[in-house]
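Here's the letter readout for the chains.
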Protein chains: 2
Amino acid sequence: MSFMNFSKTTEYAFRILSYMAMDERKLYISRDIHKDLQIPFRYLRKQLTSLSKSELIHSVQGKNGGYMISKPLENISLLDIMDAVGDNSLESSCFFGFQTCALKEKCTMHTKWALVLKSIKDVLTTTSLSELKESGPHSFISNNNLLFTKN
Amino acid sequence: MSFMNFSKTTEYAFRILSYMAMDERKLYISRDIHKDLQIPFRYLRKQLTSLSKSELIHSVQGKNGGYMISKPLENISLLDIMDAVGDNSLESSCFFGFQTCALKEKCTMHTKWALVLKSIKDVLTTTSLSELKESGPHSFISNNNLLFTKN
DNA sequence: CATAAATGACACCTCGGGGTATTATTAAGC
DNA sequence: GCTTAATAATACCCCGAGGTGTCATTTATG
Ligand code: SF4
Ligand code: SF4
């Protein structure tokens, strides 16, 4: 009985990217990301290979391999991250969940909700990884991961 | 790959209540609501009996029975409707989906996202059924239900 | 070239939101 | 009081997001 939050996958992507933004030229390995971000290991692996097919990060295979951010941090917005995982849930849609609506004059919620979505989208487009870099959750996680629920 | 929208159950509740707001003293029967709102019949029935255990609507059993709104329209906000279906997804929570966070100084998204949630919540608390009454989706649906996707 | 340390591919499982089927109960009205 | 038209209760089913298990592939390094 809930859901007006992001999907786990999207949340995880936010964590991963903001974590890797700590050092944009470092090659991160999945094991470390897992330890610090509390994402189930194999699911994280799956998501990392999936993400490395996007423009945001790329992978290096073989020994000493890992993942690295591909673009300047200021060019990666939170919305870009949502795009990368195929989350398009911010596309404006009917507040009531109708697929089809032929109301000539739109109902009250139509404009109200469009505005809400736009404001959310604005926040997510204007927030880039460079902005998160200093204040991101990593700063806490990396040296205090014991405090998180161990799943 | 999505989900920043409401759950089906919440959307349905929005539809149902804004529909019943058309005439606040009319006793609506599930069959008619189903016809007009394109909600799967048996699921609608389940949700109606569930809703009638809330403060928002009550049911009348037996022949000629049905459902009616219980409170003045201006006293029912969209957030009240979410409450009625147990959707508390607007409770402010960690943007990154962490259950525990001991950051002394909160990260950038913490405040940003709290503001977003607050603005959403504001819209939903200040919008009451009385405001939706005239412009609600019903005004279209009730006489144009052919235009909706069948099923 | 053998080994180890990393990612990639692929098949499978789980669980809860959403949806269905059936039977019981209530009450109007002839 | 029998029938009929409504809701109530209960149990079950389905599917996809999220999560797991196993094996294959790539590459550094001695
Ligand atoms: S006008 Fe109202 S019912 Fe129609 S699509 Fe917009 S929000 Fe939905
Ligand atoms: S400070 Fe950041 S990481 Fe911590 S709870 Fe708030 S949003 Fe989440």
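Further up the page is the structure itself.
If you're wondering where the values come from, they're calculated on a predicted model, not measured in any experiment.

## Focus on the packing of aromatic side chains
The final tally for this structure, using the stated rule, is 17 aromatic pairs over all chains. On the basis of an interplanar angle of 70° and a centroid distance of 6.0 Å, the ring pair of B:Tyr12 and B:Tyr43 is categorised as edge-to-face. Remark: B:Tyr43 occurs in helix α3 (residues 41–51) and B:Tyr12 occurs in helix α1 (residues 8–20); sequence separation between them is 31 residues. For B:Tyr43, a relative accessible area of 35% translates into the label partly exposed. Taken together, the aromatic side chains of A:Phe95, A:Phe96, A:Phe98, A:Trp113, B:Phe6 and B:Phe14 make up a single cluster linked through ring pairs. Above the plane of the ring of B:Phe98 lies A:Arg15, whose end atom (NZ or CZ) is 4.0 Å from the centre.

## Description of the protein's contact with DNA strand D
Around DNA strand D lies a shell of 26 residues, among which A:Thr9, A:Arg42, B:Ser30, B:Thr49 and B:Ser59 are the nearest. When the atoms of DNA strand D within 4 Å of the protein are sorted by group, sugar and phosphate make up 64%. Within the side chain of A:Tyr12, an N or O atom sits 3.1 Å from a phosphate oxygen of DNA strand D. Broken down by secondary-structure element, the contributors of at least two residues to the surface near DNA strand D are α1 (8–20) and α3 (41–51) of chain A together with α3, β1 (57–60) and β2 (66–69) of chain B.

## A look at the environment of B:Leu44
Residue and element names in this part refer to chain B. Along the chain, Leu44 turns up in helix α3. On the basis of relative accessible area, Leu44 is assigned to the buried category, the value being 0%. Sequence separation between Leu44 and Ile33 is 11 residues; the distance between their C-alpha atoms is 8.4 Å. Other than its neighbours up to four places away in sequence, Leu44 contacts Ile16, Ser30, Ile33, His34 and Ile39.

About the thresholds
Each chain has its residues counted from 1, running along the sequence as written. To label them, take the chains in the order written and letter them from A, then take the ligands in the order written and number them from 1. Whole-chain, interface and lining totals are the exception, using all residues; otherwise, since this is a predicted model, local features are given only for residues with pLDDT of at least 70 and side-chain atom pairs are given and counted only at 80 or more. As a rule here, side-chain values cover all heavy atoms of the structure and leave hydrogens and water aside. Ring geometry is summarised as follows: Phe, Tyr and Trp rings, the Trp one being its six-membered ring, pair when their centres sit within 6.5 Å, and such pairs are stacked at plane angles under 30 degrees, edge-to-face over 60 and tilted between the two. Per the convention used, a helix needs a DSSP run of H or I reaching at least four residues, while a strand needs a run of E reaching at least two, with both numbered from the N terminus. Type-normalised accessible area, obtained with a 1.4 Å probe on protein chains alone, sets the label of each residue: buried when under 20%, exposed when over 50%, and partly exposed for intermediate values. Two limits define a charge over a ring: the Lys NZ or Arg CZ must be within 6 Å of the ring centre, and within 35 degrees of the ring normal. A cutoff of 4 Å decides nearness: a residue is near a molecule or strand if any of its heavy atoms lies inside that distance of it. We define a polar contact as two N or O atoms separated by no more than 3.5 Å, with the added condition that, inside protein, one atom must be a possible hydrogen donor and the other a possible acceptor, whereas residues neighbouring each other in sequence contribute only through side-chain atom pairs. Contacts are assigned to residue pairs with any non-hydrogen atoms lying within 4.5 Å of each other.

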